[in-house]
Amino acid sequence: MIITGFHSIEEKVRSQKKGTPSGFKIFFSKPGPRVKKILAAAKEAGITCEQTDDSTLDSLVADLDETLRDHRGIVMEIRGGQKKAANIVDFDSWIKTHSGESAKEGEMAGGESKRVTVVILDCVTDPHNVGAIIRSCDQFGASLVVLPEHNSASDIAGNEVIGRTSAGASAYVPVAIVNNLVRATEQLKQAGFWVYGADAGGQNCRKIDFPLKSVLIMGSEGTGISTLLEKQCDTIVSIPTCGKIDSLNVSVAAGVLLYEISSRQN
(Lines give C-alpha, C1' and ligand atoms only; values in the text may rest on other atoms or scores of the structure.)
Protein backbone atom coordinates (compact mmCIF):
# COMPACT_ATOMS: atom_id res chain seq x y z
CA MET A 1 0.00 0.00 0.00
CA ILE A 2 1.24 3.49 -0.89
CA ILE A 3 0.60 6.52 1.32
CA THR A 4 1.12 10.17 0.41
CA GLY A 5 0.53 13.43 2.25
CA PHE A 6 2.60 14.88 5.08
CA HIS A 7 -0.11 14.45 7.72
CA SER A 8 -0.89 10.83 6.86
CA ILE A 9 2.76 9.79 6.74
CA GLU A 10 3.53 11.59 10.00
CA GLU A 11 0.70 9.81 11.80
CA LYS A 12 1.83 6.41 10.47
CA VAL A 13 5.35 7.16 11.71
CA ARG A 14 4.05 8.21 15.13
CA SER A 15 2.03 5.01 15.38
CA GLN A 16 5.16 2.91 14.96
CA LYS A 17 6.87 1.71 18.13
CA LYS A 18 10.64 1.47 17.91
CA GLY A 19 11.83 -2.08 17.40
CA THR A 20 8.43 -3.37 16.26
CA PRO A 21 8.37 -4.81 12.70
CA SER A 22 6.01 -2.70 10.60
CA GLY A 23 6.71 -3.24 6.91
CA PHE A 24 6.97 0.56 6.59
CA LYS A 25 9.47 2.11 4.18
CA ILE A 26 9.82 5.75 3.19
CA PHE A 27 11.06 6.96 -0.20
CA PHE A 28 12.01 10.61 -0.63
CA SER A 29 13.64 12.87 -3.20
CA LYS A 30 14.99 16.33 -2.30
CA PRO A 31 14.06 16.81 1.38
CA GLY A 32 12.63 20.15 2.44
CA PRO A 33 12.10 21.14 6.10
CA ARG A 34 8.85 19.16 6.48
CA VAL A 35 10.30 16.04 4.87
CA LYS A 36 13.44 16.27 7.04
CA LYS A 37 11.25 16.37 10.14
CA ILE A 38 9.41 13.22 9.02
CA LEU A 39 12.70 11.46 8.20
CA ALA A 40 14.10 12.26 11.65
CA ALA A 41 11.01 10.82 13.32
CA ALA A 42 11.12 7.76 11.04
CA LYS A 43 14.78 7.12 11.93
CA GLU A 44 13.89 7.34 15.62
CA ALA A 45 11.08 4.81 15.06
CA GLY A 46 13.37 2.43 13.18
CA ILE A 47 11.67 2.90 9.80
CA THR A 48 13.84 2.45 6.69
CA CYS A 49 14.22 5.56 4.51
CA GLU A 50 15.65 5.59 0.98
CA GLN A 51 16.50 8.60 -1.15
CA THR A 52 15.44 8.42 -4.80
CA ASP A 53 14.25 10.78 -7.53
CA ASP A 54 10.89 12.32 -8.38
CA SER A 55 10.34 10.03 -11.36
CA THR A 56 10.52 7.00 -9.06
CA LEU A 57 8.08 8.62 -6.65
CA ASP A 58 5.77 9.37 -9.59
CA SER A 59 5.80 5.69 -10.58
CA LEU A 60 4.99 4.64 -7.01
CA VAL A 61 1.86 6.84 -6.90
CA ALA A 62 0.75 6.23 -10.49
CA ASP A 63 -2.06 3.84 -9.51
CA LEU A 64 -3.48 6.04 -6.76
CA ASP A 65 -6.55 8.22 -6.96
CA GLU A 66 -5.71 11.48 -8.75
CA THR A 67 -6.14 13.45 -5.50
CA LEU A 68 -3.39 11.37 -3.84
CA ARG A 69 -0.70 11.59 -6.53
CA ASP A 70 0.79 14.87 -5.30
CA HIS A 71 3.54 13.23 -3.24
CA ARG A 72 5.48 16.46 -2.55
CA GLY A 73 8.74 14.58 -2.43
CA ILE A 74 7.90 11.78 0.01
CA VAL A 75 6.01 8.48 -0.18
CA MET A 76 5.46 5.72 2.37
CA GLU A 77 5.14 2.09 1.32
CA ILE A 78 3.52 -0.47 3.61
CA ARG A 79 4.39 -4.03 2.75
CA GLY A 80 2.60 -7.17 3.89
CA GLY A 81 -0.96 -7.55 5.15
CA GLN A 82 -2.81 -4.50 6.40
CA LYS A 83 -3.34 -4.72 10.13
CA LYS A 84 -6.49 -3.58 11.84
CA ALA A 85 -6.22 0.09 12.76
CA ALA A 86 -5.49 0.61 16.45
CA ASN A 87 -8.42 3.01 16.82
CA ILE A 88 -11.04 0.53 15.57
CA VAL A 89 -13.05 -0.44 18.66
CA ASP A 90 -15.66 -3.07 19.44
CA PHE A 91 -19.00 -1.29 19.72
CA ASP A 92 -20.49 -3.61 22.34
CA SER A 93 -17.43 -3.22 24.56
CA TRP A 94 -17.51 0.55 24.13
CA ILE A 95 -21.18 0.66 25.14
CA LYS A 96 -20.47 -1.31 28.32
CA THR A 97 -17.95 1.31 29.45
CA HIS A 98 -20.47 4.11 28.84
CA SER A 99 -23.49 2.58 30.56
CA GLY A 100 -24.63 2.58 34.19
CA GLU A 101 -21.98 2.62 36.89
CA SER A 102 -19.14 2.20 34.38
CA ALA A 103 -20.19 5.43 32.69
CA LYS A 104 -20.36 7.29 36.01
CA GLU A 105 -16.84 6.18 36.81
CA GLY A 106 -15.42 6.80 33.34
CA GLU A 107 -17.05 10.13 32.57
CA MET A 108 -15.70 12.06 35.53
CA ALA A 109 -12.74 14.32 34.93
CA GLY A 110 -11.48 16.38 37.85
CA GLY A 111 -14.82 15.95 39.58
CA GLU A 112 -16.77 17.24 36.58
CA SER A 113 -18.89 15.26 34.14
CA LYS A 114 -17.34 14.70 30.76
CA ARG A 115 -19.22 15.25 27.49
CA VAL A 116 -19.52 12.12 25.35
CA THR A 117 -20.56 12.64 21.73
CA VAL A 118 -21.14 9.82 19.24
CA VAL A 119 -21.39 10.45 15.50
CA ILE A 120 -23.27 7.94 13.33
CA LEU A 121 -22.78 8.11 9.56
CA ASP A 122 -25.69 6.60 7.64
CA CYS A 123 -24.76 5.69 4.04
CA VAL A 124 -22.06 8.35 3.75
CA THR A 125 -20.11 6.66 0.96
CA ASP A 126 -17.73 9.41 -0.19
CA PRO A 127 -14.38 8.85 1.58
CA HIS A 128 -13.61 12.59 1.31
CA ASN A 129 -16.69 13.33 3.42
CA VAL A 130 -15.90 10.56 5.91
CA GLY A 131 -12.35 11.85 6.29
CA ALA A 132 -13.48 15.46 6.75
CA ILE A 133 -16.07 14.44 9.36
CA ILE A 134 -13.50 12.42 11.30
CA ARG A 135 -11.21 15.45 11.28
CA SER A 136 -14.02 17.54 12.80
CA CYS A 137 -14.66 14.78 15.35
CA ASP A 138 -11.03 15.05 16.43
CA GLN A 139 -11.14 18.84 16.68
CA PHE A 140 -14.43 19.03 18.59
CA GLY A 141 -13.87 16.11 20.92
CA ALA A 142 -16.27 13.46 19.63
CA SER A 143 -15.76 10.19 21.49
CA LEU A 144 -16.78 7.71 18.79
CA VAL A 145 -17.69 7.47 15.10
CA VAL A 146 -20.05 4.64 14.13
CA LEU A 147 -20.10 3.37 10.55
CA PRO A 148 -22.18 0.61 8.95
CA GLU A 149 -20.32 -2.38 7.57
CA HIS A 150 -22.08 -1.96 4.23
CA ASN A 151 -23.08 1.09 2.16
CA SER A 152 -20.36 3.23 3.69
CA ALA A 153 -16.74 4.26 3.25
CA SER A 154 -15.74 2.22 6.29
CA ASP A 155 -12.22 1.01 5.37
CA ILE A 156 -10.54 3.37 7.83
CA ALA A 157 -7.22 1.50 7.87
CA GLY A 158 -6.83 0.99 4.14
CA ASN A 159 -8.53 4.02 2.53
CA GLU A 160 -5.87 6.66 2.04
CA VAL A 161 -8.42 9.23 0.82
CA ILE A 162 -9.97 9.05 4.29
CA GLY A 163 -6.55 9.27 5.93
CA ARG A 164 -5.43 12.25 3.89
CA THR A 165 -8.72 14.16 4.06
CA SER A 166 -8.85 13.66 7.82
CA ALA A 167 -5.31 15.11 8.07
CA GLY A 168 -4.28 11.99 9.99
CA ALA A 169 -7.17 12.11 12.48
CA SER A 170 -8.46 8.77 11.19
CA ALA A 171 -5.56 7.15 13.05
CA TYR A 172 -6.78 8.51 16.40
CA VAL A 173 -10.55 9.02 16.56
CA PRO A 174 -12.22 5.82 17.86
CA VAL A 175 -14.31 4.16 15.14
CA ALA A 176 -16.77 1.26 15.44
CA ILE A 177 -18.02 -0.72 12.43
CA VAL A 178 -21.44 -2.29 13.05
CA ASN A 179 -23.81 -4.53 11.11
CA ASN A 180 -26.98 -2.67 12.06
CA LEU A 181 -27.14 1.08 12.75
CA VAL A 182 -30.68 0.89 14.10
CA ARG A 183 -29.66 -1.69 16.70
CA ALA A 184 -26.56 0.34 17.59
CA THR A 185 -28.72 3.44 18.09
CA GLU A 186 -31.10 1.48 20.33
CA GLN A 187 -28.13 0.41 22.45
CA LEU A 188 -26.96 3.99 22.74
CA LYS A 189 -30.41 5.12 23.87
CA GLN A 190 -30.49 2.34 26.46
CA ALA A 191 -27.12 3.63 27.70
CA GLY A 192 -28.63 7.06 28.31
CA PHE A 193 -27.76 8.92 25.11
CA TRP A 194 -30.10 11.40 23.43
CA VAL A 195 -30.23 11.00 19.67
CA TYR A 196 -30.26 13.91 17.21
CA GLY A 197 -30.74 13.45 13.47
CA ALA A 198 -29.48 16.15 11.12
CA ASP A 199 -32.03 17.10 8.46
CA ALA A 200 -33.89 20.09 7.04
CA GLY A 201 -36.98 21.32 8.84
CA GLY A 202 -35.81 20.37 12.31
CA GLN A 203 -35.21 22.43 15.43
CA ASN A 204 -32.65 25.21 15.28
CA CYS A 205 -29.36 23.75 16.57
CA ARG A 206 -28.57 27.02 18.36
CA LYS A 207 -31.63 26.63 20.56
CA ILE A 208 -31.00 23.05 21.67
CA ASP A 209 -29.43 22.34 25.04
CA PHE A 210 -27.48 19.26 23.99
CA PRO A 211 -27.05 16.86 26.97
CA LEU A 212 -23.71 15.44 28.02
CA LYS A 213 -24.44 12.14 26.27
CA SER A 214 -25.45 13.01 22.69
CA VAL A 215 -25.62 11.09 19.42
CA LEU A 216 -25.49 12.95 16.11
CA ILE A 217 -26.72 11.07 13.03
CA MET A 218 -25.63 12.35 9.62
CA GLY A 219 -27.28 10.89 6.52
CA SER A 220 -26.19 10.76 2.91
CA GLU A 221 -26.53 13.89 0.80
CA GLY A 222 -28.76 12.07 -1.64
CA THR A 223 -31.32 10.32 0.56
CA GLY A 224 -30.67 11.65 4.05
CA ILE A 225 -31.20 9.51 7.13
CA SER A 226 -32.97 6.19 6.50
CA THR A 227 -36.58 5.95 7.69
CA LEU A 228 -35.96 3.29 10.34
CA LEU A 229 -33.01 5.21 11.75
CA GLU A 230 -34.92 8.51 11.74
CA LYS A 231 -37.57 6.88 13.94
CA GLN A 232 -34.90 6.35 16.58
CA CYS A 233 -34.15 10.08 16.78
CA ASP A 234 -35.38 12.04 19.78
CA THR A 235 -35.07 15.28 17.83
CA ILE A 236 -34.37 16.36 14.25
CA VAL A 237 -31.90 19.23 14.26
CA SER A 238 -31.17 21.79 11.53
CA ILE A 239 -28.60 24.51 10.90
CA PRO A 240 -30.07 27.95 10.17
CA THR A 241 -28.66 29.25 6.87
CA CYS A 242 -29.31 32.16 4.51
CA GLY A 243 -27.79 30.99 1.23
CA LYS A 244 -29.46 30.48 -2.12
CA ILE A 245 -28.80 26.73 -2.29
CA ASP A 246 -30.85 24.40 -0.15
CA SER A 247 -28.26 22.60 1.97
CA LEU A 248 -24.69 22.28 3.25
CA ASN A 249 -22.28 19.53 2.33
CA VAL A 250 -22.63 16.69 4.87
CA SER A 251 -19.08 17.11 6.20
CA VAL A 252 -19.52 20.87 6.63
CA ALA A 253 -22.86 20.35 8.37
CA ALA A 254 -21.30 17.78 10.69
CA GLY A 255 -18.54 20.22 11.62
CA VAL A 256 -21.03 22.98 12.43
CA LEU A 257 -23.19 20.69 14.57
CA LEU A 258 -20.21 19.21 16.39
CA TYR A 259 -19.07 22.72 17.25
CA GLU A 260 -22.52 23.54 18.59
CA ILE A 261 -22.57 20.39 20.73
CA SER A 262 -19.04 20.92 22.08
CA SER A 263 -19.73 24.56 22.98
CA ARG A 264 -22.55 23.73 25.40
CA GLN A 265 -21.58 24.40 29.01
CA ASN A 266 -23.22 21.38 30.67
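Structure first, text after, so check above.
Bear in mind that the values here come from a model prediction, so they are computed numbers and not experimental data.

Draft legend 1. Representation of the environment of isoleucine 225. Inspection of the secondary structure assignment puts isoleucine 225 in the loop between strand S11 (213-219) and helix H9 (227-230). On the basis of relative accessibility, which here comes to 8%, the residue isoleucine 225 falls in the buried class. For isoleucine 225, the residues in contact, after removing those within four places along its chain, are Asp122, Gly197, Ala198, Ile217, Met218, Gly219 and Glu230.

Draft legend 2. Highlighting the packing of helix H1 (residues 6-15) against helix H2 (residues 33-45). At their nearest, the axes of H1 and H2 sit 9 Å apart, and the two run at 15° to each other. Considering their axes alone, H1 and H2 lie roughly parallel with respect to each other. Of the two possible hands of crossing, H1 and H2 adopt the one that is left-handed. The residues of H2 that touch H1, namely those facing Phe6, His7, Ile9, Glu10 and Val13, are Arg34, Val35, Lys37, Ile38, Ala41, Ala42 and Ala45. Of the residues contributing to the contact of H1 with H2, the split by class is eight nonpolar, one polar and three charged.

Draft legend 3. Molecular detail of a nonpolar patch on the surface. A contiguous nonpolar patch, built from Leu248, Val252 and Val256 and spanning about 200 Å² of accessible area, is present on the exposed surface. By the secondary structure assignment, valine 252 is in helix H10 (residues 250-263). Overall, the relative accessible area of 43% leaves valine 252 in the partly exposed class.

Draft legend 4. Here's a closer look at the packing of aromatic side chains. Summed over all chains, the structure comprises three aromatic pairs. Measuring from centroid to centroid gives 6.1 Å for tryptophan 94 and phenylalanine 193, while their planes differ by 35°, and the two rings are tilted. Of this pair, tryptophan 94 sits in helix H4 (residues 91-96) while phenylalanine 193 sits in the loop between helix H8 (181-190) and strand S10 (194-204); the two residues are 99 residues apart in sequence, bridging distant segments of the chain. For tryptophan 94, a relative accessible area of 10% corresponds to the buried category. With centroids separated by 5.8 Å and ring planes inclined at 70°, the aromatic side chains of phenylalanine 140 and tyrosine 259 adopt a geometry described as edge-to-face. Here phenylalanine 140 is found in the loop between helix H6 (127-139) and strand S8 (144-148), whereas its partner tyrosine 259 is found in helix H10, with 119 residues between them in sequence. Judged by relative accessible area, phenylalanine 140 falls into the partly exposed class, the value being 31%. For tyrosine 259, a relative accessible area of 46% puts it in the partly exposed group.

Draft legend 5. Spatial organisation of the pattern of salt bridges. In this structure the tally under the stated criterion is five salt bridges. Across the pair lysine 25 and glutamate 50 runs a salt bridge, and its minimum N-O distance is 2.8 Å. Taken together, the residues lysine 25 in strand S2 (residues 24-28) and glutamate 50 in strand S3 (residues 48-51) connect sequence positions 25 residues apart. Looking at glutamate 50, the relative accessible area reads 34%, which means it is partly exposed. A salt bridge links arginine 264 to glutamate 260, with the nearest nitrogen and oxygen atoms 3.1 Å apart. Taking the relative accessible area as the measure of exposure, arginine 264 reaches 15% and is therefore buried.

Procedures and definitions
Residues numbered from 1 in each chain as written. Predicted model: local features only at pLDDT ≥ 70, side-chain atom pairs only at ≥ 80, totals over all residues. Heavy atoms only, no water. Helix = DSSP H or I, 4+ residues; strand = E, 2+ residues; numbered from the N terminus. Buried < 20%, exposed > 50% of the residue type's maximum accessible area, 1.4 Å probe, protein only. Contact = heavy atoms within 4.5 Å. Axes fitted to C-alpha atoms, helices over the stretch in contact; angles between N-to-C directions. Parallel < 35°, antiparallel > 145°, perpendicular 65-115°, else oblique. Left-handed = near helix turned anticlockwise from the far one by under 90°. Nonpolar A, V, L, I, M, F, W, Y, C, P; charged D, E, K, R; others polar. Patch = residues over 30% accessible without salt bridge, like charges linked within 9 Å, V, L, I, M, F, W, Y side chains within 5 Å. Areas by Shrake-Rupley, 256 points an atom, 1.4 Å probe, with all protein chains shown as cover. Salt bridge = Lys/Arg side-chain N within 4 Å of Asp/Glu carboxyl O. Phe/Tyr/Trp six-rings, centres within 6.5 Å; stacked < 30°, edge-to-face > 60°.

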